[in-house]
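The lines below spell out each chain.
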Amino acid sequence: MSGIDDLPPLREVIKRHDLQARKSLGQNFLLDLNLTARIARAAGPLEGVTVVEIGPGPGGLTRALLATGAARVIAVERDERALGPLQEIAAHYPGRLEIVLGDAQTFDPRPMLDGGPARIVANLPYNIGTQLLIDWLCTEPWPPWYDMMVLMFQREVAERIVAVGDDEAYGRLGVLANWRAETKILFDISPAAFTPPPKVTSSVVRLKPRPNPDACERRLLEQVAGAAFNQRRKMLRQSLKPLGVDPEKLAAAAGIDGTRRAETVPVSGFVAMANALAELRKAAKTAT
Ligand SMILES: C[S@@+](CC[C@H](N)C(=O)[O-])C[C@H]1O[C@@H](n2cnc3c(N)ncnc32)[C@H](O)[C@@H]1O
């Protein structure tokens, strides 16, 4: 038996269900229930909350979320070998764990939600973690269906998520994430905590959606940030050329000096440029 519940230790569960980690599924399991409890607490308090967990695997974090008091956990897992362990957890917490066997990349939890608070908590498979985050950040309508995300990434990705300027890590991801959410790295987890250990340190990141992000068209924001950071060493008057409008005019309309480089522009500057781009394109259309 383990500390947080009366279920057997995870090593034993993995052995019994033949759930040895597979690299192709991005499987690095956290078997230390004190650590999974720490992640669950970072997402708390969880009373009355539905948690959507991606990639529960043998269920270490799932168990912690339920033991911490989550009203419901909807756990989406692609590996059917995890079904046995997850069903044992479901039996231990009747009516509180719903297991979805499927691909998180095409899963929409909204039809399963009951209108109460919902949160995403996950030790994500690294190969699809960034794309899942981008999809959640691009959710429409906004504010989204979740009120918080607590997610584990490689430290380097975590740094890109929270970066907001004058920083090597600042880029498109930082612009998008910090436009729509308040972001914070909560703590690191060493490779040694995982089975098998990954090559790099991981970080737990919290993202809280901003109820009213500065108004702008998300696709234009992505285009502007994409162009600017694609040539991050160049001045905006050069790097913004692929957008098809006069880059000097675009920067000026947003109140930004065209000689600046992308990483010196705060998120609000990118929002201003996205709005200026909308105006300039509209004007160009009217003129033709
Ligand atoms: C890093 S492991 C985390 C496992 C467990 N939550 C833990 O902390 O020990 C990632 C998990 O995501 C699952 N996974 C990988 N690709 C997936 C996908 N496309 N959809 C759903 N789950 C996926 C893997 O099978 C694995 O269980």
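These figures come from a predicted structure and were not determined experimentally. (Residues numbered from 1 in each chain as written. Predicted model: local features only at pLDDT ≥ 70, side-chain atom pairs only at ≥ 80, totals over all residues. Heavy atoms only, no water.)

Looking now at the overall build of the protein. Tallying secondary structure elements over the protein gives 11 helices and 9 strands in all. Residues classed as buried in the protein amount to 51% of the 288 residues present. Counted over contacts in the protein with a minimum sequence separation of 6, partners at least 24 positions apart contribute 69%. Carbon together with sulfur atoms contributes 50% to the accessible area of the protein, which is approximately 13100 Å² in total. For the protein, the centre of its 36 positive side-chain charges and the centre of its 33 negative side-chain charges are spaced 5 Å apart. (Helix = DSSP H or I, 4+ residues; strand = E, 2+ residues; numbered from the N terminus. Buried < 20%, exposed > 50% of the residue type's maximum accessible area, 1.4 Å probe, protein only. Contact = heavy atoms within 4.5 Å. Areas by Shrake-Rupley, 256 points an atom, 1.4 Å probe, with all protein chains shown as cover. Lys, Arg positive; Asp, Glu negative; His and termini not counted. Charge placed at Lys NZ, Arg CZ, Asp CG, Glu CD.)

Our next topic: the site of the ligand. Every one of the 22 residues lining the ligand counts as a neighbour, but Leu 30, Gly 55, Glu 77, Asp 103 and Asn 123 are closest to it. Between the ligand and Gln 27, the relevant distance is 2.8 Å, taken from an oxygen atom to a side-chain nitrogen or oxygen of the residue. Between Asp 103 and the ligand, the recorded distance is 2.8 Å, taken from a side-chain N or O atom to a nitrogen atom. When the free accessible area of the ligand is taken as 590 Å², the share hidden by the protein chains comes to 99%. Among the elements of the structure, β1 (29-30) and β3 (72-77) are those that each provide at least two residues to the shell around the ligand. (Near = heavy atom within 4 Å. Polar contact = N/O pair within 3.5 Å; in protein donor to acceptor, adjacent residues only side chain to side chain.)

If you check the domain split of the protein, you get domain 1 (10-209) and domain 2 (218-287). Spacing between the C-alpha centres of domain 1 and domain 2 amounts to 34 Å. At the interface, 16 residues of domain 1 touch 16 residues of domain 2. Of the roughly 1200 Å² buried between domain 1 and domain 2 on both sides combined, carbon and sulfur atoms contribute 62%. When the buried area of domain 1 at its contact with domain 2 is split by residue, Tyr 170, Arg 172 and Trp 179 rank highest and sum to 43% of it. One can count 1 salt bridge joining domain 1 with domain 2. For Glu 168, the salt bridge goes to Arg 233, with nearest N and O atoms at 3.3 Å. Where domain 1 packs against domain 2, one counts 6 residue pairs in polar contact (both at pLDDT 80 or more). (Domains from an automatic or database assignment. Buried area = accessible area lost by both parts, 1.4 Å probe. Salt bridge = Lys/Arg side-chain N within 4 Å of Asp/Glu carboxyl O.)

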